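# Structural features, examined
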Amino acid sequence: MRSLLFVLLFAFVLNLPLPAQQAPPAAPAAPAGPGLTITTAAWPDGDDIPLKYTQAVPSPVSPALTWTNVPPGTRSFVLHMHDPDVSINKTTNTQVHWLVWGIPGTATGLSEGQQQGEKLPDGSRQVSASGQVYRGPGARAAGPKHHYTFELYALDTTIDVAHGANEQDTRAAVFAAMNGHILGKAVMAGLFKRPQ
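Attention in this report is confined to the structure presented alongside it. (Residues numbered from 1 in each chain as written. Predicted model: local features only at pLDDT ≥ 70, side-chain atom pairs only at ≥ 80, totals over all residues. Heavy atoms only, no water.)

## Focus: the pairing of strand β4 (residues 95-104)
Here is the key point about a regular strand: its side chains alternate between the two faces of the sheet. Basically, it comes down to this: Buried means the residue's accessible area, taken with a 1.4 Å probe over protein chains only, is under 20% of the maximum for its type, while exposed means over 50%, and partly exposed covers the values in between. The helix and strand labels rest on DSSP assignments: H or I over at least four residues marks a helix, E over at least two residues marks a strand, and numbering proceeds from the N terminus. Pairing between two strands requires that DSSP report at least two bridges joining them.
Within β4, nine of the ten residues are buried, leaving the element largely enclosed by the surrounding structure. Pairing between strand β3 (residues 76-83) and β4: eight bridges, direction antiparallel. Note on β4: the bridge partner recorded for Phe77 is Ile103. Where β4 and strand β6 (residues 125-127) come together, three bridges link them in antiparallel fashion. Each residue of the ladder has a partner; that of Val100, found in β6, is Gln126.

Shown next, in the form of structure tokens:
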């Protein structure tokens, strides 16, 4: 006790800073939770896409998709299915197989076989290279399998983008509206080429 009083008195007389109190050790940081995920029961991620969802059949249907671990504050979702193995007009533009925007933030997925048309029952909009409808994978039998990629974006806002002149223009407008509003992103893929 005397030594502490001596140090304090000595520091006061010489105008020295007082000894710093040692802070308690910081609690270990909690591990980050899992990020936004998108899955389908129709095929394992990265595996072959069953024919019923592809252009190998006369009327392909969209697969059922489910997402989990939605970031807090999500107001809407955008789903972007494309074929990164195809270049449109020798540019960086890829083939749009399905773009759905304005999906309500309360949604946990899309059911199989979504209808065609400008709007889906939940009010979201859709477009593809085939029009306002899901476009199944259709890579030629003669080439390699293509990597059909499903990207899900969680947004902190609801974007209101009208259909453009074509699917490329519409996608550009949707992506521009998303800029600065993305809370999370999930990706899954499937492989396909037409049977011989």
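From this point, the discussion proceeds with the structure in view.
## Regarding the pattern of salt bridges
Here is the rule: Salt-bridge detection follows one rule: a side-chain nitrogen of Lys or Arg within 4 Å of a carboxyl oxygen of Asp or Glu.
Applying the stated criterion across every chain yields a total of four salt bridges. A salt bridge links Glu112 to Lys52, with the nearest nitrogen and oxygen atoms 3.1 Å apart. Of this pair, Glu112 sits in the loop between β5 (109-110) and β6 while Lys52 sits in the loop between β1 (37-39) and β2 (65-68); the two residues are 60 residues apart in sequence, bridging distant segments of the chain. Classification of Glu112 by relative accessible area gives partly exposed; the value is 38%. With its nearest N and O atoms 3.8 Å apart, the salt bridge here joins Glu118 to Arg125. Exposure remark for Glu118: the relative accessible area of 36% places this residue in the partly exposed category. A network of salt bridges, in which partner residues are shared, links Glu118, Arg125 and Asp160.

## A short note on the sheet that holds β3
Threshold: Each axis is a line fitted through C-alpha atoms, and for a helix only the stretch in contact is used; angles between axes span 0 to 180 degrees, taken between their N-to-C directions.
Taken together, five strands build an open sheet; the order of strands is β6-β4-β3-β7-β8 and the sheet is antiparallel. Among the strands making up the open sheet, the edge pair consists of β6 and β8 (182-192). Along the sheet, successive strands turn relative to each other by an average axial angle of 10°, direction set aside. Relative to β8, strand β7 (residues 146-155) is paired through ten bridges, and the arrangement is antiparallel. Within β8, the position partnered with Glu151 by the bridge is Val187.

## Considerations on unusual backbone geometry
Although it is not a glycine, Asn69 adopts a positive phi angle of roughly 55°. Assignment of secondary structure puts Asn69 in the loop between β2 and β3.

## Quick look at the nonpolar core
The tendency in soluble globular proteins is for nonpolar side chains to be buried side by side. Definition in use: Only buried residues count toward a nonpolar core. Its members are Ala, Val, Leu, Ile, Met, Phe, Trp, Tyr and Cys residues joined through side-chain atoms within 4.5 Å. Contacts are assigned to residue pairs with any non-hydrogen atoms lying within 4.5 Å of each other.
Of all hydrophobic cores here, the largest spans 25 residues; its most connected members are Ile38, Leu65, Trp67, Leu79, Trp98 and Ile103. Secondary-structure elements contributing two or more residues to this core are β2, β3, β4, β7 and β8. Excluding anything up to four places from it in sequence, Leu65 contacts Ile38, Thr39, Thr40, Leu79, Trp98, Thr108, Gly109, Leu110, Phe150 and Met188. Counting residues in hydrophobic clusters, the runner-up holds eleven residues, among them Leu99, Leu155, Val161 and Val174.

## A look at the sheet that holds β2
Strand pairing in a sheet relies on backbone hydrogen bonds. The paired strands run either parallel or antiparallel. In spatial order, the strands read β1-β2-β5; together these three strands make up an open sheet with antiparallel pairing. Edge strands, defined here as strands with exactly one partner in the open sheet, are β1 and β5. Examined bridge by bridge, β1 and β2 share three bridges and lie antiparallel to one another. What sits directly across from Ile38, in β2, is Trp67.

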